[in-house]
Amino acid sequence: MSLTTNYPAHAPHGHQAPSEPLSQWIVGPGAVGRILAMHLARQVPVTLIGRREPPARLTLTTPEGERERRALPGATLLTLPPTPPAILHLTTKAHGAEAAIAALTGRVPAATPLVLWQNGFGVQETLTRSWPGPVLCASTTEGAFVDDTPEQQAVVHAGHGRTVIGHLDGAYPELAGSLANTFSAAGLACEAVDNIRVRLWHKLAVNAAINPLVARFRIRNGQLRDRPFRLMVEAVISELVTIMAAEGIPTPPDGWLGLVWGVVEATANNRASMLQDVLAGRPTESDAILGPLCAAARRHGIATPALDTLWAATP
Ligand code: KPL
């Protein structure tokens, strides 16, 4: 089934997707937004939207080294297209999400389904409760980075990952299933899940174990496998295990070590998002990623020296 038209706000279960394909807007032209746009554009009309005009043509380099060049309709938050989208994807950084939604409110129909792609765990809860239409959260381990050299506007898909999508309370399963099918058909393996809250905490653990360390030492994900970084990753994971147990977050099927090292392996060639931010002099998502974990640790009286040091060291 491919993704189709508007979903009413009050049909959390049992809603049927109509049959006319309509466009999807992707707000936030960073690495995740570009990967999503370049893949989705194979299946449905896509508009890429930024604070500034996004590049009119993009080159995608696949993990296998192939190159695909494509013209993508673009817009800014001040020059939105006249026809509203069927689906609104928010791929900004966690700290930019609420400002982007404020800029869109009243300018897209209130019932438009919203998909949140942020790392961390914060805006997901806030926007799920405040956006009038259906809100799904997506969590992805696709590895990607932007390569904006003057001669080319590009996104490098550095490693295949998996995406899961769902509503925080398990609502809108048909919408989640329909979107998962569209993403998978477009080449981004995706599964609709009824426990996205748990999946977001799992991803939080992955991001906490990888991102601050690679940003601090300016290394690619795969270099974490080498000494002395391996020991640092393991120190973080051992704190994460205690926090997750105290929070009642189920252990992932491969265990916490298996989860983190699996992503490191699959994205070995990637420059993680936090490293990209540090290199570009942008604010990082350290508060969104380390904040909820350290807050949970404090609630349960758990000492987190490794996480505290990383948080203090990350801008
Ligand atoms: O999510 C990521 C990120 O870069 O933010 C990972 C999965 C760690 C890939 O680099």
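Since the structure is predicted, the reported quantities are computational estimates derived from the model, not experimental observations.

## Thoughts on the domain arrangement of the protein
Reasoning step 1: Segmenting the protein into domains produces domain 1 (24–194) and domain 2 (198–313).
Reasoning step 2: Inter-centroid distance (C-alpha atoms) of domain 1 to domain 2 is 23 Å.
Reasoning step 3: Between domain 1 and domain 2, the contact holds 24 residues from the first and 23 residues from the second.
Reasoning step 4: Summed over both sides, the interface between domain 1 and domain 2 buries roughly 1,900 Å², with carbon and sulfur atoms accounting for 56% of that surface.
Reasoning step 5: The largest contributions to the domain 1 side of the interface with domain 2 come from N119, F121 and F145, which together make up 32% of the buried area.
Reasoning step 6: For the pair domain 1 and domain 2, the number of links is one salt bridge.
Reasoning step 7: D277 is the salt-bridge partner of K93, the closest N and O atoms lying 3.1 Å from each other.
Reasoning step 8: Summed over the shared surface of domain 1 and domain 2, the result is eight residue pairs in polar contact (both at pLDDT 80 or more).
Reasoning step 9: Looking at the side of domain 1 that touches domain 2, the elements with two or more residues in it are β8 (135–140), β9 (143–149) and β10 (152–159).
Reasoning step 10: Across the side of domain 1 that touches domain 2, the residue classes tally to twelve nonpolar, ten polar and two charged.

## Notes on the sheet that holds strand β4 (residues 67–71)
Reasoning step 1: If you walk across this open sheet you meet the four strands as β4-β3-β10-β9, and the pairing is mixed. A strand with exactly one partner marks an edge of an open sheet, and here the two such strands are β4 and β9. Within this sheet the neighbouring strands show an average axis-to-axis angle of 20°, counted without direction.
Reasoning step 2: Bridge analysis of strand β3 (residues 57–61) against β10 gives three bridges, and the strand direction is parallel. Note that in β10 the partner of L60 across the bridge is V155.

## Remarks on the packing of aromatic side chains
Reasoning step 1: Counted according to the given criterion, the structure contains three aromatic pairs.
Reasoning step 2: Above the ring of W261, the side-chain terminus of R230 is found at 4.4 Å from the ring centroid.
Reasoning step 3: We note R271 situated over the ring of F145; from NZ or CZ to the ring centre the distance is 4.1 Å.

## Digging into the side chain of H39
Reasoning step 1: Relative to the assigned elements, H39 resides in helix α1 (residues 31–40).
Reasoning step 2: Residue classification places H39 among the buried positions, given a relative accessible area of 4%.
Reasoning step 3: In this structure, H39 is in contact with L60, H157, A186, G187 and L188, ignoring residues within four places of it in sequence.

## Structural notes on the environment of L116
Reasoning step 1: Structurally, the position occupied by L116 is in strand β7 (residues 114–116).
Reasoning step 2: According to the relative accessible area criterion, L116 is buried, its value standing at 0%.
Reasoning step 3: Residues L116 and P212, spaced 96 residues apart in sequence, show a C-alpha to C-alpha distance of 22 Å.

## Some details on the pairing of strand β1 (residues 24–27)
Reasoning step 1: The alternating pattern of β1 places Q24 and I26 and W25 and V27 on opposite faces, both of which are buried.
Reasoning step 2: Where β1 meets strand β2 (residues 46–50), four bridges bridge the pair, whose relative direction is parallel. By the bridge assignment, V27 is partnered in β2 with I49.
Reasoning step 3: Once the chain exits β1 it traverses α1 before rejoining the sheet at β2, and the crossover so formed is right-handed.

## Some thoughts on the site of the ligand
Reasoning step 1: Contacts to the ligand come from N119, K203, N207, I210, N211, N221, V263, N270, A272 and S273.
Reasoning step 2: The side chain of K203 places a nitrogen or oxygen atom 3.1 Å from an oxygen atom of the ligand.
Reasoning step 3: The contact in question runs from an oxygen atom of the ligand to an N or O atom on the side chain of N211, over 3.1 Å.
Reasoning step 4: Here the ligand, which alone exposes 280 Å², has 94% of that area covered by the protein.
Reasoning step 5: Here the element with the most residues in the shell around the ligand is helix α5 (residues 196–217); it accounts for four residues.
Reasoning step 6: When the residues that make up the shell around the ligand are grouped by side-chain class, the tally is three nonpolar, six polar and one charged.

Cut-offs and rules
- Residues numbered from 1 in each chain as written.
- Predicted model: local features only at pLDDT ≥ 70, side-chain atom pairs only at ≥ 80, totals over all residues.
- Heavy atoms only, no water.
- Domains from an automatic or database assignment.
- Contact = heavy atoms within 4.5 Å.
- Buried area = accessible area lost by both parts, 1.4 Å probe.
- Salt bridge = Lys/Arg side-chain N within 4 Å of Asp/Glu carboxyl O.
- Polar contact = N/O pair within 3.5 Å; in protein donor to acceptor, adjacent residues only side chain to side chain.
- Helix = DSSP H or I, 4+ residues; strand = E, 2+ residues; numbered from the N terminus.
- Nonpolar A, V, L, I, M, F, W, Y, C, P; charged D, E, K, R; others polar.
- Pairing = 2+ DSSP bridges.
- Axes fitted to C-alpha atoms, helices over the stretch in contact; angles between N-to-C directions.
- Phe/Tyr/Trp six-rings, centres within 6.5 Å; stacked < 30°, edge-to-face > 60°.
- Lys NZ or Arg CZ within 6 Å of the ring centre and 35° of its normal.
- Buried < 20%, exposed > 50% of the residue type's maximum accessible area, 1.4 Å probe, protein only.
- Right-handed = clockwise from strand over helix to strand, strands pointing away.
- Near = heavy atom within 4 Å.
- Areas by Shrake-Rupley, 256 points an atom, 1.4 Å probe, with all protein chains shown as cover.

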